[in-house]
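# Notes for the structure review
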Amino acid sequence: MAADGGRSSLQLPCVFSPKSRQYLALCAQDGRLRIWNTDSKTLHQEYVPSAHLSATCTCIAWGPCRTVKEGPQRKKRKSEAVQTEEKADLLAMGTAAGSVLIYSTAKGALHCTLDGGHSGGVNCVQWHPEDSLLYSGSDDTNIVEWDLQTGKTRSKWKADRSAVTSLCVSPDGKLLLSAGQIIKMWNLDTKEVYRKFTGHATAVTTLRFATTRPPDSNGLYFLSGAAHDRLLSVWQVREDGKDKNSVVSFTLTDEPQHIDLVASNSKDEAVRLAVVCKDGQLHLFEHFLNGPCKKPLSPSCTVQMSDTKENPMPIPLLAAAFGTDIRTVLLAYGNHLQPVMERVEINTAERHQCLTRDVQTSLSLTMETMVSKVKTPIVNANNRVLVPGVPGHHAPVKVASQGSEKRKKDTDTKEMSIAERLGEIDLSTVSTDKAAPKGMASLQTDNFAVLLVQGLESNDTNILNKVFQTRKEMVIKKTVARLPLPAVLPLVEELTKRLQGHPFMAVLMVRWLKAVLMHHTSYLASLPDLVTQLGVLYCMIESRVKMFHKLTKLHGKLYLLTTQVATSDSSNMVSDVDHTAKLVYEEESSDEDEASGDEGLPDNDSDHWEEEEMMEEEDKEEQADEEDEDPDSRTESKANGEEDMEHENESEEE
């Protein structure tokens, strides 16, 4: 195997094919599997999984080399009979959704999909060296043994309390190493634990067998590396079982990202190790494994790469593999989307080496070889090819049939300037006047794309205002879709500036920003410094979202207040309208009316009452007893209680 099968989800998988190192398989940030040919240094195959965004690839492992029948071939004679060459064909990819994809490089398509084994994301996959078996470890703490002939699980068992992050099968195919933090060695025949080792404080990302000796000979060694750990630990499998601690340690500058080793077959043969760290450096080790070593071992040679500029910047190494020669090392460096592969002879006598490379020129050479495969159409010299969205392209303008020849002659002699084009384009007439005459130029989306590019290049506010004033969704979508890619980022920056202005303008800019994100998200995601360039837009959106939460609270409170005020006003209006008296009392005698009319003068009223009493004594002496029995009939119209008391006293005296 060219690289470790187990790998954490934070690292992008990058693996060389076994034996010949002919292919380099890697998954970049976009979720696509790319297989590069290390001999021709070109892209050999590219595969896009159906769920490459939701179920991203987390680990890659090449299967053992095998003979592949590429197609029907004629029978060869005995003299022509040659031994068939074994090539790397199958490639296993673990996904975050819990499935395992088997890809065939000979077919250039998906071989099969292994589903139903894991309930969590797959962290590591490992092939059996002889049988058609595959092992996978997952976040669900289980190990699954897959049978590739049937495509189903052969066995499944719980390996650890935590997630299984790394696996490795012994060269003889009898033992299996698994690790979360504690390293366990399993007997594949019985699926029982053979040995346990202390392990690391963090999740183990790398497990590799360093020797090919049997476990009973005290000569079986394996090494392990963990996340955030700058040491590679070597463990010995002893007969007495006293092998819980590591025996040798290799010092690194950062956590290991890619490991390739040449195992030792005997005590007299040293183990050669090439480790690419997370910081982009390569460390070479060579050591004889004969028991414990107290001091950690430093690398025999360290290799770094940098560019050829005045202020050199480091170029990160992605992977390294030993070649057929002892001194040659196959390197892959640069970016995961476009790696550069090179075979380098390294002088191990020098402890530190720095290789300078011009990545741009090497990338341009590989791009030229890739582009040369594309057939270019044969075009006559008289013809002119115009592509929509490219500066210099003019949309066809519908004109009247009269005078068409004269207009053609005029367009051949001179071109219209930008100001003249702006004068002819009137957005209001296009949107309102549907029955416009045929002689007027109709506004095309191609014009918008060209004008928008010209306005962004020249920073002309008049052109940008004319283009941004449109409200039609289809016009905005087509214009953004036909923009060239270099104009997308300046457009986003211009929209960000205008979003910070008047709210009326911000409403229009949001439509343009939505169209840009719908059409060009994949391009924006591929930019390396996107976070710094879109930081202003992100901060503005975040601040406005926070303010929106406060405004919604204020809006709710104001709505409650306005509804309460409205209900109270409506109740007051109902009470004011109701002017009708609920009870009406009519007085009977005219004397009481006169008395009630003089209620404001209590003294005069009392004198008048005495005169009435004197008249009643002279005229009606016979009815005095009846008046004593019913004194309330004369006092109903009186307002003061004191007058009533005086009337009762005088009636008693009489």
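Under an unreviewed UniProt entry, the chain has the name WD repeat-containing protein 43 and belongs to Parambassis ranga. In UniProt, the chain has this text filed under Sequence similarities (unreviewed entry): "Belongs to the UTP5 family."

## Re the sheet that holds strand 17 (residues 204-209)
Spatially, 4 strands are ordered 17-18-19-20 in an open sheet, and the strand pairing comes out antiparallel. Strands with a single pairing partner mark the edges of an open sheet, and in this sheet they are strand 17 and strand 20 (248-251). Sheet twist, expressed as the mean angle between neighbouring strand axes with direction ignored, is 20 degrees. Pairing of strand 18 (residues 220-226) with strand 19 (residues 231-237) involves 5 bridges; the strand directions are antiparallel. Bridge pairing in strand 19 places Leu 223 opposite Val 234.

## Brief notes about the pairing of strand 14 (residues 175-179)
A large share of strand 14 lies buried, amounting to 5 of its 5 residues. Residues Leu 175, Leu 177 and Ala 179 of strand 14 are buried on one face, and the alternating residues Leu 176 and Ser 178, pointing to the opposite face, are buried as well. Where strand 13 (residues 166-169) meets strand 14, 4 bridges bridge the pair, whose relative direction is antiparallel. The residue of strand 14 that forms the bridge with Val 169 is Leu 176. In this structure, the hairpin formed by strand 13 and strand 14 is closed by a connection of 5 residues, where Gly 173 is found at a positive phi of approximately 75 degrees. The pairing of strand 14 with strand 15 (residues 183-187) spans 5 bridges and is classified as antiparallel. Pairing of Leu 175 across the sheet is with Asn 187, part of strand 15.

## Structural notes on the sheet that holds strand 4 (residues 42-47)
Here 4 strands make up an open sheet; going across it, the order is 1-2-3-4 and the pairing antiparallel. Edge positions in the sheet fall to strand 1 (14-16) and strand 4, since each of these pairs with one other strand and no more. Between one strand axis and the next, the sheet turns by 20 degrees as a mean value, whatever way the strands run. As paired strands, strand 2 (residues 23-27) and strand 3 (residues 33-37) are joined by 5 bridges and run antiparallel to one another. Residue pairing for strand 3: Ala 25 is matched across the bridge by Ile 35.

## Brief notes about the pairing of strand 19
In terms of residue burial, strand 19 counts as a mostly covered element, since 6 of its 7 residues are buried. The pairing of strand 19 with strand 20 spans 4 bridges and is antiparallel. The residue bridging Val 234 from the neighbouring strand is Val 248, located in strand 20.

## A closer look at the side chain of Ser 170
Mapped onto the fold, Ser 170 is located in the loop between strand 13 and strand 14. In terms of polar contacts, Ser 170 uses its side chain to reach the side chain of Asp 172, at 2.5 Å.

## Brief notes about the nonpolar core
Membership of the largest hydrophobic core comes to 33 residues, with the highest contact counts inside it found for Leu 452, Phe 468, Leu 491, Leu 495 and Trp 512. Of all elements in the fold, only helix 5 (445-458), helix 6 (461-468), helix 7 (473-481), helix 8 (488-499), helix 9 (503-525) and helix 11 (535-577) reach the threshold of two or more residues within this core. A total of 8 residues in this core trace back to one element, the largest contributor, which is helix 9. In this structure Phe 468 touches Leu 452, Leu 491, Glu 494, Leu 495, Arg 498, Leu 508, Met 509 and Trp 512, once residues within four positions along its chain are discounted. Residues Ala 320, Leu 331, Val 340 and Val 344 belong to the second largest nonpolar core, which totals 19 residues.

Calculation notes
Residues numbered from 1 in each chain as written. Predicted model: local features only at pLDDT ≥ 70, side-chain atom pairs only at ≥ 80, totals over all residues. Heavy atoms only, no water. UniProt positions renumbered as here; feature names shortened; annotations may be inferred. Pairing = 2+ DSSP bridges. Helix = DSSP H or I, 4+ residues; strand = E, 2+ residues; numbered from the N terminus. Axes fitted to C-alpha atoms, helices over the stretch in contact; angles between N-to-C directions. Buried < 20%, exposed > 50% of the residue type's maximum accessible area, 1.4 Å probe, protein only. Polar contact = N/O pair within 3.5 Å; in protein donor to acceptor, adjacent residues only side chain to side chain. Core = buried A, V, L, I, M, F, W, Y, C linked by side-chain atoms within 4.5 Å. Contact = heavy atoms within 4.5 Å.

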